[in-house]
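The residues making up each chain are set out below.
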Amino acid sequence: MKSAVLVFPGINRERDMARALKLASGNETAMVWHAETALPRGTDLVVVPGGFSYGDYLRCGAIAARAPVMDAVRDFAAKGGLVLGVCNGFQILCESGLLPGVLMRNAGLKFVCRDVHMKVERSDTPFTRGYNAGQVIRVPVAHGEGNYEADEETLKRLEGEGRVLYRYCSTDGVVDEASNFNGAAHSIAGIVNERGNVLGMMPHPENHVEEIMGCTDGRGLFAGLVQQFEKAA
Amino acid sequence: MKARVTVTLKSGILDPQGKAIEGALKSLGVDGIASVRQGKVFDIELAATDKAKAEAALKAAADKLLANTVIENYRVEVLS
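Just so it is clear, the structure is predicted and the values come from calculations on it, not from any experiment.

Peer 1: Tell me about the side chain of Thr6(B), and name the residues and values.
Peer 2: Tracing the chain through its elements places Thr6(B) in strand β1 (residues 2–9). With sequence-adjacent residues up to four places away left out, Thr6(B) is seen in contact with Lys40(B), Val41(B), Asn73(B), Tyr74(B), Arg75(B) and Glu77(B).

What follows is the structure, encoded as C-alpha cells:
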C-alpha cells in the first residue's frame, strides 16, 4: 500500500501517521506539501492528519480545505481512491465538501485529551475490515472541536446508509450520553462519504499501534487498509 | 472601498460559546440579557470602485471561505 500524508502548516500528527502506516504496510510514506497540485504516482491512500492547520484560524480546517493539494485529493476521491482524515483531517474533509456536516465546539466547551472507547459499527468496509462488527476499541482523542453535527436529513441518510463506521461508547460497548464526551450527534466518531471511500474520524488510531504506547487497538484500521490492497493486487 | 462581511450562526445551530458569554454577562449582573449568539465580522478593503463588482467579490469571498454555509449565514455591506 502506497500512502501519501498531506502536510499543512500547523499540522503536528503527520509523523505519527507516517510511522503507523509504515508499521502496517512496510512501505515508506510520501509526505505531500499543501502547495503541491498532484499526488505521487501510484498513491493508494491519502491521509489528512491531525494538528492545528493554520492555527485553526477562521474555522478548524477551513483554510487547509482550500489548499491547492485538495483539488488533487478531490479528483483522487472522485476516482474511488481511499482518503482517511483524522481529527483536524476530519475537519478539513468536512470543510472541503468531501464529507457532509461540520465539527462544532465540544458541547462541554473543553479541549478533551484522553483515551475513549468507540464501537466499530460494521466490518465490511476498507476502513473497518481489520475489526469485527460490534468490536469496542480504545483510542486517544485530543480536540476542542469534535462535536459532529449535521442537519436531520443528513443524519438520517448517514444512519440509513450505514455510513457511521465508528461511534463513541462505554468500555463495554454501550452507546449512551455519558460516553458521548463531546456531544456529537448520534455519538458519531467517524463517518464515510456516500461512495464509502472517504473516512473522517476524530480519534487518533495512529497513536495506539505499538506496545510502548500502552495499547494497540488502532492497528486494526491500518492492517485492514493494507489487506484491502493485498486483496486487490 | 471599505466593506464589511458579517457571519452569524444559523438559527437552530447550537452555539456553546454564545451560551458561555450569556452566562458570564448574567453573572456580571448585566440586566435584561435574554440570549447571546457569537459571530464574526470581517472588515475588508477592496481595490474595486464599482459597488456591484465589490459586492460580487465579497459574496464570492463569503461563499468560498469566510462562511461555512452549512451552519452560517452572512451579510455583505459596502460601507464607502
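Peer 1: Now, about the environment of Ala47(B): what can you tell me, with residues and values included?
Peer 2: Along the chain, Ala47(B) turns up in the loop between β2 (40–45) and α2 (51–66). Taking the C-alpha atoms as reference points, Ala47(B) and Lys2(B), separated by 45 residues in sequence, lie 9.1 Å from one another.

Peer 1: Any details on the sheet that holds β1(B)? Residues and values, ideally.
Peer 2: Residue and element names in this part refer to chain B. Taken in spatial order, the 3 strands make up an open sheet running β2-β1-β3, and their pairing is antiparallel. This sheet does not close on itself; its edge strands, each paired only once, are β2 and β3 (72–78). On average, adjacent strands in this sheet sit at an angle of 20 degrees to one another, irrespective of strand direction. Where β1 lies against β2, 6 bridges are found, and the strand directions are antiparallel. Of the residues in β2, the one forming a bridge with alanine 3 is isoleucine 44. Contacts from α2 reach β1, β2 and β3, with the element oriented near 155 degrees to β3.

Definitions and limits used
Residues numbered from 1 in each chain as written. Chains lettered and ligands numbered in written order. Predicted model: local features only at pLDDT ≥ 70, side-chain atom pairs only at ≥ 80, totals over all residues. Heavy atoms only, no water. Helix = DSSP H or I, 4+ residues; strand = E, 2+ residues; numbered from the N terminus. Contact = heavy atoms within 4.5 Å. Pairing = 2+ DSSP bridges. Axes fitted to C-alpha atoms, helices over the stretch in contact; angles between N-to-C directions.

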